[in-house]
Each structure stands twice: as structure tokens, then as C-alpha cells.
Protein chains: 2
Amino acid sequence: MPQNIYDQDDFFERYITLDRQVKGLIGAREWPQLRALLPDLNGLDILDLGCGFGWFSRFARENSAASVRAIDFSQNMLDRARVMTDDEKVTYERADLDELILPENQYDLVFSSLAFHYLVHLPNLIKEISKSLKPSGRLVFSIEHPIYTAPSNPAFLVDDERKKKIWPLDDYRKEGSRTTKWFVDGVQKQHRTIGSYINIVLSSGLQLTDFIEWLPTEEELKVYPASEDDGIRPKFLLVGAMKC
Amino acid sequence: MPQNIYDQDDFFERYITLDRQVKGLIGAREWPQLRALLPDLNGLDILDLGCGFGWFSRFARENSAASVRAIDFSQNMLDRARVMTDDEKVTYERADLDELILPENQYDLVFSSLAFHYLVHLPNLIKEISKSLKPSGRLVFSIEHPIYTAPSNPAFLVDDERKKKIWPLDDYRKEGSRTTKWFVDGVQKQHRTIGSYINIVLSSGLQLTDFIEWLPTEEELKVYPASEDDGIRPKFLLVGAMKC
């Protein structure tokens, strides 16, 4: 069972002030690129894993999805999601994604935003997802990029000699827990190599269709000078796959 | 046209002392994993890009390949290759991979070991390769890993506070030339992001089948303590793809 940081009040109170919670999908800078990986949602049966406040579930229904089954592990999230989207075609459900069993041949699209890097048993979940997809069904997900999760101390250092900010990779190979500070101390994530993510997908009967390292464009660097950090090392990875 | 460092004598004299040149394929630590990506070579028509001394071409013929067309940009390499393997089914040829035009529907396997990260026009070459493959034909290649090529100063630093060796990523996003010291000063490579490599493959009508970040196993760490460095950051990336 992964850590349920989202039900820890001191974390949650700060988390909900993030643009992506206040403004929804358009508050997430990676959203335009993630959206571009989605098929036309019209008439699709969708599973949303780690749905949070349900911003994506709502977007899916606004884009004529037939149904959305939305799952999260956080009661805080689900309470808010149910208030924000009251739609009989959206069902909210509490479950631990690390233990999830899914029905066969049920969904056209499985979507997950920034949830998989918390999971200990991701290979099992991806197998369940593959099983649950209809033929040619899609999996679209985002995660924290393995380069971002790898360091034991994920904070920029300065190379004194060159006066350059550097991202200190010190143990990329070693998969498993990383404990970081994010609003509060002790937030736990699971680091996996890029190879592991890709091979979990390929070995589950899925074909890789998209692989986007979220990196700022020249335009974005001008508009958001702070995004320079995200060019030093990629923060997010967006992946698309299709059931063979 | 990429730099032709292999025809620079001061470089070449040192390069040929590497285990992988002296002992051939078994002198390359990544070879077992690269070999595992290959199909059965029996009866295959093969193109070997950046063939060096022709160790792979020879291996392919020893494993009953029907023919091998082997290409390199270095005259030094080709002179040695022709002496080492005199086989009428192996043809050695000098060409710039950045400008290569290939015939359609000709090869069962295109192989390349540690050459593509020198190329400026890799997207064009991969399109040519895809065109030249027969249906279900394979592309198997190794490159220096993008995490390895990214830093402007690709040398380990020490995080003084934590007393840990770190690999200093400082501009992963920025693709293009990197000038490094490898035996001699001024060796030029081309850095591309992982996303770029994968998308070059996927957008050329190829399906990704294998993606191996060459990282030492626990066993190897015991046998070669120096391989700890390769766990801090991956040095090589091995990729398999199939013509759709």
C-alpha cells in the first residue's frame, strides 16, 4: 500500500493551493501536451486512475465520453470530486491502485495523471490495465520523470567552478523508495528507470505510441523564466500506449 | 558531415587498445544484452552501420547471415576490417551515415553499435533505414545514453555535503553538439533527448520492441567495482525496433 499523503491534512491544505487544483487542467503546464495524446473521447468508456478532484473526469464528460469510472485512494480527494462533478455517468470510487483488479475488455481509454510514480506494484497494475482495455484501446499517463525521481537528494546544486546549476544524479540504477520534501517532509515516491517504465508497458501486451519528455520550449523559457530548471532536467514524462 | 575522429591518428592509436577492439564483441560489456535483442541471423540480409573493424559483420556470418553490407566513415577502420574478414558475402564500403541513401525493402536486419550519437542528420537516416527494411525487419542499435551525453562537462563531481559522487546534468533539454575529451580533446558528439530518439523511431514507421538502459547488475557491481559509475548514470542505451 503506498503512502496516502493526500489524506494528511497539513499536506492537503497546501496541495489544494496549486494552480492545477485551483484552475483544473489548464492550470497544469503539461496539460496541452498530455491532451494531444488523447483520442477523440466521444462515446468512450474511460477509467481515470488517481482522479484527484475529478478535473479529467469532468473534461471527459464535457467531451462526450460515454462513462467515466474514477478511482482515487484519498478520501479528501473523492469528497471534493463528488461535490465538484455530479454526473450519473461518472462514478467515484475509493481504491488502492497497488491492489486494483480490473474487469476484462471494458475500457476504450485508461488515463492517469501523476499517480503511477507512487505505486509499488505498478507492473501488476499495467497488466490489469492491459487486460481491461478493449482491442486498440489506449493507455495515456503522466509521471514524474525518472531523471527527476532518481536523486537521493532531489535539489539543484551549483557547480562552483562553472557557476552552473546542476541536477545531482547519484543513483539512477537503484529503483525503489525516495523520500522527499514536498510541502511537508517525508513524501514517498517510487523511482523506476525509464527502461523499467517502457518495459512494463511493452511486456503487458501494449504498444508504445507516444513518449514525451515534458521540457520547456524556447517560447516558454521566455514567458516563464523559472522553467529554466525544467530544461536542466525533465520533470514529467507523458506516455501513450495502445492495446495490441 | 560528422567529425571523423577515427581517422585522426593520435585518437586511433589509443582507440584500438580498447577491449572492444582487441577482443571484439566479447570485449564490450553491453554485448550480451545487445545480442539478446537480435533475431536468429540465419539466412538474413544485414546492413551494419558504423561497422568499425567488422567484428559484428564477422559474427553475423559465423551465425549464417546470408549477406552483410558494412559501412563506415573511417578509412582506418575499413582498412583493418578488410584484412580481418575476407568473406565474399561481406562488403565493406566507405560512406557518411549522415548522407546515406538506402535501397527499398532490402534488409532483414539493420544493426549499429555506438555510431548514431555522432550523427547530425539521424532522423533522415532512420527514415532511410525504415524504407530499406523488409516487412517485419528489425533495427537494433546502441548509443551513448542521453543522460551520458547531456552534460556540458561530462565528468563526475562530488556533492561535498553528502560525500557522494554525482553526474552533473545541466542542460538535458538542449540538443546538439557536445565537445568532450576521449583519449584526445575535441571529440564531438550529438546530444539528443530520450524522447527525440524514441520519436525518431516511432515517426519512421517502426514499432519500438526493446529499450534497455545498460546498467550494471548487482553481480556486475561485485565483479567490477568500477561499474558503480555506470549505476550513477547509464552510459549506453540499447534499442530494438521492428518495421510495421
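Sequence order as written defines the numbering, with residues in each chain counted from 1. Just so you know, chain letters begin at A and ligand numbers begin at 1, following the order they were written in. Predicted model: local features are reported for residues with pLDDT of at least 70 only, side-chain atom pairs are reported and counted for 80 or more only, and whole-chain, interface and lining totals are derived from all residues.

**Student:** Hey, could you run me through the overall build of chain A in this one?
**Tutor:** Counting its regular elements, chain A contains ten helices and eleven strands. Taking the principal axes of its C-alpha atoms as reference, chain A extends roughly 60 × 40 × 40 Å. Within chain A, the proportion of its 244 residues that are buried is 46%. Residue pairs qualify as contacts under a 7 Å threshold applied to their C-beta atoms, which are placed from the backbone. Taking as baseline every contact in chain A between residues at least 6 positions apart, the subset at least 24 positions apart corresponds to 62%. Every helix listed is a DSSP run of H or I at least four residues long, and every strand listed is a run of E at least two residues long, numbered separately from the N terminus. Put plainly, a residue is buried at 20 or more neighbouring C-beta atoms within 10 Å of its own, exposed at 12 or fewer, and partly exposed in between, counting only other residues' C-beta atoms, which are placed from the backbone.

**Student:** Teacher, can you tell me more about the relation of the copies chain B and chain A here?
**Tutor:** Both copies of the chain are related by a screw-like operation: a rotation about an axis and a shift along it. What sets the superposition is a least-squares fit of C-alpha atoms, and only residues with pLDDT of at least 70 in both copies go into it. Each copy of the sequence occupies a distinct position, and chain B is placed on chain A by a rotation of 180° and an axial shift of 0.0 Å, giving an RMSD of 0.0 Å. The transformation just described matches what one would write down for a two-fold rotation axis. Considering only C-alpha atoms, the residue of chain B closest to the rotation axis is P168 of chain B, which sits at 2.8 Å.

**Student:** Looking at this structure, how should I read the interface of chain B and chain A?
**Tutor:** How big an interface is tends to be reported as the loss of accessible area on association of its parts. Contacts between the two partners involve 32 residues from chain B and, on the opposite side, 31 residues from chain A. Of all elements in the fold, only β6 (157-159), β7 (164-169), α8 (194-202), β10 (206-214) and α10 (228-232) of chain B reach the threshold of two or more residues within the side of chain B that touches chain A. No other element matches β7 of chain B, which puts six residues into the side of chain B that touches chain A. Gly is put with the polar residues, along with every residue not named as nonpolar or charged; the nonpolar set is Ala, Val, Leu, Ile, Met, Phe, Trp, Tyr, Cys and Pro, and the charged set is Asp, Glu, Lys and Arg. Of the residues contributing to the side of chain B that touches chain A, the split by class is 16 nonpolar, six polar and ten charged. Strand pairing requires that DSSP identify at least two bridges connecting the strands. As paired elements, strand β7 (residues 164-169) of chain A and β7 of chain B share three bridges and run antiparallel to each other.

**Student:** When you look at the pairing of strand β4 (residues 107-113) of chain A in this model, what are you seeing that I'm missing?
**Tutor:** Residues in a regular strand point their side chains to alternate faces of the sheet. Residues and elements named next belong to chain A. Extensive coverage of β4 is indicated by the burial of seven of its seven residues. Two strands pair when backbone bridges link them, and strand β1 (residues 45-49) and β4 are joined in this way by three bridges, in the parallel orientation. Bridge pairing links I46 to L109 in β4. Sheet analysis places β4 next to strand β5 (residues 133-144), joined by six bridges and oriented parallel. Paired with L109 across the two strands is R138, which belongs to β5. For the handedness criterion, the β-α-β arrangement of β4, helix α6 (residues 122-132) and β5 is classed as right-handed. Crossovers are described as right-handed under a simple rule: with the strands pointing away from the observer, the path leading from the first strand over the helix to the second runs clockwise.

**Student:** What am I meant to see in the pairing of strand β8 (residues 176-182) of chain A here?
**Tutor:** Residue and element names in this part refer to chain A. Strand direction decides the pairing type here: β8 and strand β9 (residues 184-191), joined by six bridges, are antiparallel. Note on β9: the bridge partner recorded for S177 is Q190. What sits between the antiparallel neighbours β8 and β9 is a turn of one residue, in which F183 has the positive phi angle 70°.

**Student:** Could you clarify how one ought to interpret helix α8 (residues 194-202) of chain A in this entry?
**Tutor:** An α-helical segment advances 3.6 residues per turn. Residues three or four places apart therefore align on the same side. Listing the buried residues of α8 of chain A in full gives I194, G195, Y197, I198, V201 and L202 of chain A. Down the axis of α8 of chain A, the buried side of the element spans an arc of 165°, and every buried residue falls inside it. The arc in question is the one spanned by the directions pointing from the helix axis to the C-beta atoms.

**Student:** So what exactly am I meant to see when it comes to the sheet that holds β4 of chain A here?
**Tutor:** Backbone hydrogen bonds are what pair the strands of a sheet, in a parallel or an antiparallel way. Residue and element names in this part refer to chain A. Pairing is mixed in the open sheet, where seven strands are placed in the order β3-β2-β1-β4-β5-β11-β10. Only two strands of the sheet have a single neighbouring strand rather than two, namely β3 (90-94) and β10 (206-214). Across the sheet, the axes of successive neighbouring strands diverge by a mean angle of 15°, strand direction being ignored. Where strand β2 (residues 67-72) meets β3, five bridges bridge the pair, whose relative direction is parallel. The residue of β3 that forms the bridge with D72 is R94. On the sheet, helix α4 (residues 55-62) packs against β1, β2, β3 and β4 and is oriented at approximately 175° with respect to β2. All axes are obtained by fitting lines to C-alpha atoms, using only the stretch in contact for helices, and the reported angles, taken between N-to-C directions, cover 0 to 180 degrees. Relative to β3, helix α5 (residues 75-84) is tilted by about 160°, and along the sheet it contacts β2 and β3.

**Student:** Teacher, can you tell me more about the sheet that holds β6 of chain B here?
**Tutor:** Overall, antiparallel pairing links the four strands, which are arranged β6(A)-β7(A)-β7(B)-β6(B) in an open sheet. Two strands close off the open sheet at either side, each with one partner strand: β6 (157-159) of chain A together with β6 of chain B. Each strand of the sheet is rotated relative to its neighbour by a mean of 60°, with strand direction disregarded.

**Student:** Explain the nonpolar core to me, please; I cannot follow it from the model alone.
**Tutor:** Inside soluble globular proteins, nonpolar side chains tend to come together where they are buried. With 108 residues, the main nonpolar core has I46, V110 and V201 of chain A together with I46, V110 and V201 of chain B as its most contacted residues. Residues contacting V201 of chain A, with those up to four places away along its chain left out, are I126, L206, L208, V239 and A241 of chain A. Here, a nonpolar core means buried Ala, Val, Leu, Ile, Met, Phe, Trp, Tyr and Cys residues linked by C-beta atoms lying within 7 Å of one another. Residues I147 and Y148 of chain A together with I147 and I166 of chain B belong to the second largest nonpolar core, which totals 16 residues.

**Student:** Would you mind going over the confidence of the model for chain A with me for this structure?
**Tutor:** Reading predicted coordinates in detail is not appropriate for stretches of low pLDDT. Confidence scores labelled pLDDT are given residue by residue by the predictor and lie between 0 and 100. Overall, the predicted model of chain A reaches an average pLDDT of 95, with 100% of residues at or above 70. Interface scoring of the predicted complex returns ipTM 0.94; its pTM is 0.95.

**Student:** Any chance you could explain the environment of L237 of chain B here in plain terms?
**Tutor:** Residue and element names in this part refer to chain B. Looking at the secondary structure, you find L237 in strand β11 (residues 236-243). Separated by 89 residues in the primary sequence, L237 and Y148 have C-alpha atoms spaced 9.7 Å apart. For L237, the residues in contact, after removing those within four places along its chain, are S142, I143, H145 and E213.

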